[in-house]
Amino acid sequence: MMHNVIFDTDPGVDDALALLYLHKHPQVNLLAVTTVFGNAAVESTTHNALFLKQAWGLDAPVARGAAGPLQPDAQPEAWPVHIHGDNGLGNHPVPAQLDVAADPRSAHQLIIDLVRAQPGQVTLVAVGRMTNLALALREAPDIASLVRGVVIMGGAFHVNGNITPAAEANIWGDAEAADIVFTASWPVIAIGLDVTTQVEMDRHGLDALAHAGGADADLVRALSQDYVDFYLQAGHKGMVVHDCCACIALTRPELFEFEHASVRVATDGVARGMTIPKPAGMAFGPSVWDGQAMQSIAIGVDASAVLADIEKTLSL
């Protein structure tokens, strides 16, 4: 089965690994890369995506997306330089001038155009803030019935968040957009902290990737070193492979366990960004969860198989 993918991303160290996985996978046709703010400002994430496009010889166009959340009065967030470095790619040297340029369309317009051009054939894989997807839905609600599916990296459904006790960073960064995405009438697979924090790659794993995948994978190893340090200091055994887990949920869904629920996102207050599921079959009184689409939430993962799949794919 071939997957026609638009990859919505904010490179981002783990985003780079996920992008290379999609590029290398024989069952993925990477249609486009769309960028968003998050791990760095959108100017940086777009430049990083173009750098990776050039370094790896990607054919897919790169389109710049949202610079901030839907809420016009949202307080600007500090970029996570302690995790992804000052430039978003672990302070790995990135040339200021590149030989490739961004697509002239905005990210959400490119999403609309590609989905309408291939109805029922395109999967959106979004591993950053959901702003571009929400903008596309607002401008073209019909795309909800035209996409094949949506896979996101985001949320903390039965565990604590990683930016507040209640919220995971991608959801917290644009909670309103995330609520729009979860309640749209398209099928969402959500890969959140419930499973991603179980998938850890240490330096030996990165070395194995570089050995198996050559120069392309060696670039991932080089830009991931400070990222590994951050997670080791936080008590993990290696870097947490957040974004690639979402890609593997597309290509190898059998490696995950899912529950089905309607999901709402808290958009303000102390719990802003909290992803709150109403499990299928659980009865409550009337609520804002009623009548919403039932989505798939990952609650279990075969972590060793995920790591093995990454190494196998990057060796192709």
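This is a predicted model, so every value here is computed, not measured.

Participant: Give me the pairing of strand β9 (residues 256-265): which residues, what numbers.
Facilitator: In terms of residue burial, β9 counts as a mostly covered element, since seven of its ten residues are buried. Relative to strand β10 (residues 275-279), β9 runs antiparallel, the two being bridged by five bridges. Among the inter-strand pairings, Arg264 is bridged to a residue of β10, identified as Ile276.

Participant: Account for the environment of Gln109, naming residues and giving values.
Facilitator: By the element assignment, Gln109 lies in helix α4 (residues 107-117). It is 9.1 Å that separates the C-alpha atoms of Gln109 and Ala63, two residues lying 46 residues apart in sequence. At 2.8 Å, the side chain of Gln109 forms a polar contact with the side chain of Asp113.

Participant: Which residues make up the packing of α4 against helix α5 (residues 131-139), and what values go with them?
Facilitator: When two helices pack together, you describe them by how their axes are tilted relative to each other and by the distance separating the axes. Two elements in contact, α4 and α5, have axes whose closest approach is 8 Å; the angle formed by their N-to-C orientations is 60°. As summarised for this structure, α4 and α5 are arranged oblique, according to the angle between their axes. Crossing angle aside, the handedness with which α4 passes α5 is right-handed. When α4 is examined against α5, the residues Ala107, His108, Gln109, Ile111 and Ile112 are found in contact with a partner set consisting of Asn132, Leu133, Leu135, Ala136 and Glu139. Split into classes, the residues belonging to the contact of α4 with α5 amount to six nonpolar, three polar and one charged.

Participant: Help me get a handle on the packing of helix α2 (residues 42-56) against helix α9 (residues 203-223), residues and values and all.
Facilitator: The N-to-C vectors of α2 and α9 enclose an angle of 150°; their axes lie 10 Å apart at closest approach. In this view, α2 runs roughly antiparallel relative to α9, as classed from their interaxial angle. Here Phe51, Leu52, Ala55 and Trp56 of α2 lie close against α9, whose contacting residues are Asp216, Leu219 and Val220. When grouped by side-chain class, the residues that make up the contact of α2 with α9 number six nonpolar, no polar and one charged.

Participant: Report on the pattern of salt bridges, specifying residues and quantitative values.
Facilitator: Counting across every chain of the model gives twelve salt bridges. A salt bridge links Glu43 to Arg64, with the nearest nitrogen and oxygen atoms 3.1 Å apart. Separated by 21 residues along the polypeptide, Glu43 in helix α2 and Arg64 in the loop between β3 (62-63) and α3 (81-84) bring together distant segments of the chain. Here Arg64 falls in the partly exposed class, since its relative accessible area comes to 38%. Salt-bridge contacts for Arg105 lead to Asp113; the nearest nitrogen and oxygen are separated by 3.1 Å. Here Arg105 falls in the partly exposed class, since its relative accessible area comes to 33%. Its relative accessible area of 28% is what places Asp113 among the partly exposed residues. Shared partners join several salt bridges into a network, and the residues in it are Asp103, Arg105 and Asp113.

Participant: Please give an account of the sheet that holds strand β6 (residues 188-191) that cites residues and values.
Facilitator: Taken in spatial order, the nine strands of this open sheet run β3-β2-β1-β4-β5-β6-β11-β9-β10, and their pairing is mixed. Every other strand in the sheet has two partners, leaving β3 and β10 as the edge strands with one partner each. Two strands pair when backbone bridges link them, and strand β4 (residues 122-126) and strand β5 (residues 149-153) are joined in this way by four bridges, in the parallel orientation. Paired with Ala126 across the bridge in β5 is Ile152. On the sheet, α4 packs against β1 (3-9), β2 (28-35), β3 and β4 and is oriented at approximately 150° with respect to β2.

Cut-off values and rules
Residues numbered from 1 in each chain as written. Predicted model: local features only at pLDDT ≥ 70, side-chain atom pairs only at ≥ 80, totals over all residues. Heavy atoms only, no water. Buried < 20%, exposed > 50% of the residue type's maximum accessible area, 1.4 Å probe, protein only. Helix = DSSP H or I, 4+ residues; strand = E, 2+ residues; numbered from the N terminus. Pairing = 2+ DSSP bridges. Polar contact = N/O pair within 3.5 Å; in protein donor to acceptor, adjacent residues only side chain to side chain. Axes fitted to C-alpha atoms, helices over the stretch in contact; angles between N-to-C directions. Parallel < 35°, antiparallel > 145°, perpendicular 65-115°, else oblique. Left-handed = near helix turned anticlockwise from the far one by under 90°. Contact = heavy atoms within 4.5 Å. Nonpolar A, V, L, I, M, F, W, Y, C, P; charged D, E, K, R; others polar. Salt bridge = Lys/Arg side-chain N within 4 Å of Asp/Glu carboxyl O.

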